[in-house]
Amino acid sequence: MGLVQGVTELFPVSSLGQAVVLPTLLGWDSLARAQAQPESFFLAFLVGLHVATAIALLIYFRSEWGRIIAGFFRTVDAAANERRAPWPVIRSADERMAWLLVVATIPAGITGVAFEHAFRVVFSKPLFAAVFLIVNGVILAVGELVRRRSEVRAVASAHGTYEGTDERRLETLEFREAAIIGVAQVLALIAGISRSGITMVAGLVRGLNHQDAARFSFLLATPIILAAGLYKLPDLFGPLGNGIRAQVLVGSVVAGVVAYLSVRFLMRYFETRTLTPFAVVCLIEGVACTIGFAVTGRTF
């Protein structure tokens, strides 16, 4: 499970969906059923894996996060000193990135706190997860088709592009566009919908190239995953953690190492390649599992 978490949290194939589907395929029915329970030892276990994934992202992007955090506090300090309201004073790309991430984090943060429990109880079932893997594959495929349209290239050109390309610079994203990407991230609360996939697609249709869309997606995921994990982490020190703390430690170490290797691979992969292979994987897995779970009655 640590290996699966480390790969699928960053690859656009839905870690939550895989955490529901994989135990079902392997016959670990108690784990599959536990996903949809209000509280369970398996959820406490997954919390540890998610925190490890977020730490791996922090380590990989450590220098960038250092600049972003410093930029955030500079804008706050400048706004206080110059008494500029209501928006902080932004003078650099790092400062702008800081506030783009703040704006994009708000929708998923609020929705996660308010509705995560409801989304999980309703949708974290094998058949639903398989169906939404199909939906995820369609989203990735459509996103690739849309980004090639002339309207998307026109949007990129209007906001400043990389020299000799139709690809938009990440620092030219507007705050309303960051909010739209943040709203898209909300759908990742549904098992089967990939957080990285849907936020990348949202960036691509606004004219970003694949590498910048992936970079913004991974930066955006870090505070959400870390905050959600830390919020639930006390469960591991209560009754839900009894008997699984050693397993959590082993799984988290594996998840952290694999997540670090995954983000290194994907940042290089998206320099020249697309989301299409991941769309195909999700469609094949989703269709096969939907049929299999429906036939065998493994809907839980």
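Keep in mind the model is a prediction, meaning the values are calculated, not measured.

A cluster of nonpolar residues, Leu 249, Val 253, Val 257 and Leu 261, forms a patch on the protein surface that exposes about 390 Å² of accessible area. Turning to its location among the elements, Val 253 is positioned in helix α12 (residues 245–269).

A water-sized probe, rolled over the atoms, reveals where empty space remains. Taken as a whole, the largest pocket spans an internal volume of roughly 890 Å³. Lining of the largest pocket is provided by 37 residues; of these, His 50, Glu 116, Leu 189, Arg 195 and Ala 228 occupy positions nearest its centre. Those elements that provide at least two residues to the lining of the largest pocket are α1 (2–8), α2 (15–25), α4 (41–60), α6 (93–123), α9 (175–186), α10 (195–204) and α11 (210–232). Element by element, the count of residues in the lining of the largest pocket is highest for α6, at nine residues. Its residues assigned to classes, the lining of the largest pocket shows 18 nonpolar, 14 polar and five charged. Taken as a whole, the second largest pocket encloses approximately 160 Å³ of empty space. If you trace the second largest pocket, you find it lined by Trp 65, Ile 68, Ile 69, Phe 72, Phe 73, Ala 98, Leu 101, Val 102, Thr 105 and Pro 223. Of all the elements, helix α5 (residues 62–82) adds the most residues to the lining of the second largest pocket, at five residues. Considering only residue class, the lining of the second largest pocket consists of nine nonpolar, one polar and no charged.

On average, the protein scores 89 in pLDDT, and the residues at 70 or more come to 96%. Confidence, read as mean pLDDT per element, is least for helix α8 (residues 150–158) in the protein (67) and greatest for α12 (97).

Over its 22 residues, helix α7 (residues 126–147) runs 32 Å from end to end, which matches the ideal 32 Å to within 8%, given 1.5 Å per residue. The set of residues buried in α7 consists of Pro 126, Ala 129, Ala 130, Leu 133, Asn 136, Gly 137, Leu 140, Gly 143, Glu 144 and Arg 147. With its buried residues spanning 135° around the axis, α7 presents them on a single face.

What follows concerns the pattern of salt bridges. Using the criterion set out here, one finds eight salt bridges in the structure. Two residues, Glu 9 and Arg 195, come together in a salt bridge whose shortest N-O distance is 3.7 Å. Here Arg 195 lies in helix α10 and Glu 9 lies in the loop between α1 and α2, a separation of 186 residues in the sequence. Each member of the pair Glu 9 and Arg 195 is classed as buried. Via salt bridges that share partners, Glu 64, Asp 212 and Arg 215 belong to a single interconnected network.

This part is about α6. Here α6 contains 31 residues, and its C-alpha end-to-end distance of 39 Å is more than 12% below the 45 Å for a straight helix at 1.5 Å per residue. The largest bend along α6 reaches roughly 65° and is located at Phe 115.

Take Gln 185: it is sitting in helix α9. Only 3.3 Å separates the side chain of Gln 185 from the side chain of Arg 195, close enough to count as a polar contact.

For the rest of this paragraph, the subject is the packing of aromatic side chains. Taken as a whole, this structure holds eleven aromatic pairs when the rule is applied. Their ring planes at 80° and their centres at 5.3 Å tell us that Phe 72 and Phe 73 sit as a pair that is edge-to-face. Note on Phe 72: relative accessible area 25%, which makes it partly exposed. The exposure class of Phe 73 is exposed, given its relative accessible area of 53%. Seen from their ring centres, Tyr 269 and Phe 278 are 5.6 Å apart, and the 65° between their planes marks the pair as edge-to-face. Exposure remark for Tyr 269: the relative accessible area of 10% places this residue in the buried category.

Criteria and thresholds
Counting from 1, residues in each chain are numbered in the order their sequence is written. Per-residue local features are limited, in this predicted model, to residues with pLDDT of at least 70; the limit for side-chain atom pairs, both in listing and counting, is 80 or more; totals at the level of whole chains, interfaces and linings are taken over all residues. Hydrogens are left out, water is left out, and the side-chain values use all remaining heavy atoms of the structure. Residues enter patches when their relative accessible area tops 30% and they take part in no salt bridge; the joining distance is 9 Å for like charges and 5 Å for the nonpolar side chains Val, Leu, Ile, Met, Phe, Trp and Tyr. We get accessible surface area from the Shrake-Rupley algorithm with a probe of 1.4 Å; when it comes to residues, only the shown protein chains can shield them. By salt bridge we mean one thing: a side-chain nitrogen of Lys or Arg within 4 Å of a carboxyl oxygen of Asp or Glu. Helical segments are the DSSP runs of H or I of at least four residues, strand segments are the runs of E of at least two, and each set is numbered from the N terminus. Space inside and on the surface of the protein is sampled on a 1 Å grid over the protein atoms alone, with a cavity defined as a set of points where a 1.4 Å probe fits but cannot get out and a pocket as an open set with protein on both sides within 12 Å along at least 5 of 7 lines; lining residues have an atom within 4 Å of a point. Grid points are joined across faces, edges and corners, and a volume is the space filled by probe spheres set on the points. Three classes are used: nonpolar for Ala, Val, Leu, Ile, Met, Phe, Trp, Tyr, Cys and Pro, charged for Asp, Glu, Lys and Arg, and polar for all others, with Gly counted as polar. For every residue, the predictor states its confidence as a pLDDT score lying anywhere from 0 to 100. Each helix should span, by expectation, one fewer than its residue count multiplied by 1.5 Å. Whether a residue is buried, partly exposed or exposed follows from its accessible area with a 1.4 Å probe, protein chains only, as a fraction of its type maximum: under 20%, in between, or over 50%, in that order. Our arc is simply the arc of the directions from the helix axis toward the C-beta atoms. To obtain the bend at a residue, axes are fitted to the seven residues ending there and to the seven starting there, and the angle between these axes is taken. In protein, a polar contact requires one atom able to donate a hydrogen and another able to accept it; more generally it is a pair of N or O atoms within 3.5 Å, and residues adjacent in sequence count only if both atoms are side-chain atoms. Any Phe, Tyr or Trp ring, taking Trp's six-membered ring, that has another such ring centre within 6.5 Å forms a pair; planes under 30 degrees apart are called stacked, those over 60 apart edge-to-face, and the others tilted.

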